[in-house]
Amino acid sequence: MEIPLSKPDITEAERQAVLDVLASGRLSLGPYLERFERAVADYVKARHAVAVSSGTAGLHLSLIASGVEPGDHIITTPFSFVASANVILYVGAKPVFVDVEPDTGNISPEAVEEKIKDEYVRSDGNWVCWKDGRRLRGILPVHVFGHPCRMDEINEIARKYNLIIIEDACEAMGSLYFSKSQNRWLHAGTISRAGVFAFYPNKQITTGEGGVLVSDDEGIARLVRSLSNQGRDDMGTWLVHPRLGYNYRMDEMSAALGFVQMERIEEMRSKRRRVAALYNEILKEIEEIETPPEKPYAEVNPFVYVVKLRIPGRDELMNHLVSNGIGTRPYFTPIHLQPYYSERFGFRKGMFPVAESLGETCFALPFHNRLTEDEITYVAERIKKWLSTRKTTIRGTEDEKTKEAFETKPL
Ligand SMILES: Cc1ncc(COP(=O)(O)O)c(C=O)c1O
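Residues numbered from 1 in each chain as written. Predicted model: local features only at pLDDT ≥ 70, side-chain atom pairs only at ≥ 80, totals over all residues. Heavy atoms only, no water.

## What about the site of the ligand?
Residues in close proximity to the ligand total 14 residues, the closest being Gly55, Thr56, Asp168, Glu171 and Lys203. For the ligand, an oxygen atom lies 2.8 Å from a polar atom in the backbone of Gly55. Taking Thr56, its side chain carries an N or O atom lying 2.4 Å from an oxygen atom of the ligand. When the ligand sits alone it has 390 Å² of accessible area, and the protein chains cover 91% of it. When each cavity is represented as a set of grid points, the ligand is found to reside in the second largest pocket. (Near = heavy atom within 4 Å. Polar contact = N/O pair within 3.5 Å; in protein donor to acceptor, adjacent residues only side chain to side chain. Areas by Shrake-Rupley, 256 points an atom, 1.4 Å probe, with all protein chains shown as cover. 1 Å grid on protein atoms, 1.4 Å probe; cavity = no way out; pocket = protein on both sides within 12 Å on 5 of 7 lines; lining within 4 Å. Sits in = over half its atoms within 2 Å of the grid points.)

Encoded structure:
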């Protein structure tokens with residue numbers, strides 16, 4: 001059996017919408033763009049949505065539009081896709097990593113506050129790093145694998161230390177967070193000043209490539225729209241560019257695809273949740289595998305299905321799965337250990353032990369809307385098969401080793 005890691009859910013309706021665009025001849029800045037933006041804004045209950053060419057582009061522009069300047073510090077997580085820290089470098093600011101929670105893999109609010117208390121001092125209403133004299137400007141939390149961060153705590157820290165927040169919700173379209181402070185459920189990506197979703201084909205909905213910034217702040221939305229469109233003014237005057245802009249526009253075919261996907265988002269969300277629940281049920285009898293959490297304050301629309309191996313041998317198990325036709329991938333290699341980051345900033349192993357431990361023990365199993373119970377059962381059987389050979393090998397040599405292996409909880 002061959003089971004790919006992910007697969008977009010495209011129906012005749014999406015194909016027809018894209019063909020309509022091609023037939024219309026209006027391939028950019030057409031009616032679908034506005035309809036897609038409105039659909040996203042309405043769904044997540046944000047005032048404004050601006051579609052862009054990728055999640056990375058959306059994050060980059062949100063930092064510029066929030067006034068982040070070269071030299072500023074932004075606190076963020078090392079347990080993420082590399083783009084969430086790269087965008088901080090794009091604007092000349094410095095990513096300041098703090099460690100994550102062992103269960104969700106999300107940035108730890110306690111670690112954020114500890115970092116600020118240890119390394120920043122108050123100066124003229126700002127918090128400034130005593131090491132290099134630079135201003136702490138904001139926090140960029142990432143809702144890892146779709147599970148929302150503890151945003152009440154993060155917002156409280158931002159209020160206390162006068163910081164902006166940009167939510168990287170690239171993996172969290174359709175995930176909900178219960179805010180105790182507001183006593184209601186909110187969409188991930190709308191729990192701060194600005195949030196960004198991404199729509200690569202493995203995401204909850206896809207536009208091929210693409211992203212959307214959402215915000216209740218009209219100023220930010222207008223600025224991001226202008227910046228994404230070569231810095232054109234609000235009137236869209238074609239050859240007037242009051243500011244330095246970029247071409248980060250989403251094309252009309254992508255917007256049409258995204259619009260139809262948004263019409264189907266609830267249907268797709270329940271399918272994803274059903275597949276994840278089925279996995280949880282089938283894998284729960286394998287004690288060496290830890291299934292993904294869903295905290296009481298969260299209702300996750302899963303991006304990927306990432307499990308943790310509680311005993312050593314993750315890479316071996318992944319090789320075993322691949323050789324049985326099962327797509328898998330380690331999630332994530334922490335950003336501080338990516339060659340560019342360790343070479344440029346001198347980050348080393350041991351600096352963020354929780355993120356590193358997750359990076360060594362977590363891996364994604366095949367996950368998409370149409371995954372069947374038979375396929376999930378096959379994945380589970382292959383995992384059990386690997387575990388059984390492993391147990392016999394270890395047990396065959398030394399009983400004590402088996403015990404040790406099972407007691408070595410990475411966290
Ligand atoms: C956490 C996170 N941030 C940012 C991005 C960047 O999105 P894109 O690939 O659309 O640029 C991704 C996409 O995979 C992501 O997972």
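## A look at the environment of Arg38
Relative to the elements of secondary structure, Arg38 occurs in helix α2 (residues 31-44). The spatial distance from the C-alpha of Arg38 to the C-alpha of His48 is 7.8 Å, given a sequence separation of ten residues. In this view, Arg38 contacts Ala46 and Arg47; residues no more than four positions away in its chain are not counted. (Helix = DSSP H or I, 4+ residues; strand = E, 2+ residues; numbered from the N terminus. Contact = heavy atoms within 4.5 Å.)

## A closer look at the packing of helix α1 (residues 12-24) against helix α8 (residues 252-263)
Relative to each other, α1 and α8 sit at 150 degrees, their axes nearing to 8 Å. When the axes of α1 and α8 are compared, the pair comes out roughly antiparallel. Read as a crossing pair, α1 and α8 show a hand that is right-handed. Contacts between α1 and α8 involve Ala13, Glu14, Ala17, Val18, Val21 and Leu22 from the former and Glu252, Met253, Ala256, Leu257, Val260 and Gln261 from the latter. Class assignment of the residues belonging to the contact of α1 with α8 gives a composition of nine nonpolar, one polar and two charged. (Axes fitted to C-alpha atoms, helices over the stretch in contact; angles between N-to-C directions. Parallel < 35°, antiparallel > 145°, perpendicular 65-115°, else oblique. Left-handed = near helix turned anticlockwise from the far one by under 90°. Nonpolar A, V, L, I, M, F, W, Y, C, P; charged D, E, K, R; others polar.)

## Looking at the domain arrangement of the chain
Frequently, the measure chosen for interface size is the accessible area that the parts lose on association. Each assigned domain of the chain is listed here: domain 1 (12-265) and domain 2 (266-407). A C-alpha centroid distance of 28 Å is found between domain 1 and domain 2. Listed as interface residues are 43 residues of domain 1 and, on the opposing side, 38 residues of domain 2. The junction of domain 1 with domain 2 conceals about 3400 Å² of combined surface from both sides, 63% of it contributed by carbon and sulfur atoms. Three residues stand out in domain 1 for area buried against domain 2, namely Phe79, Phe145 and Arg264, and they jointly supply 19% of the buried area on that side. (Domains from an automatic or database assignment. Buried area = accessible area lost by both parts, 1.4 Å probe.)

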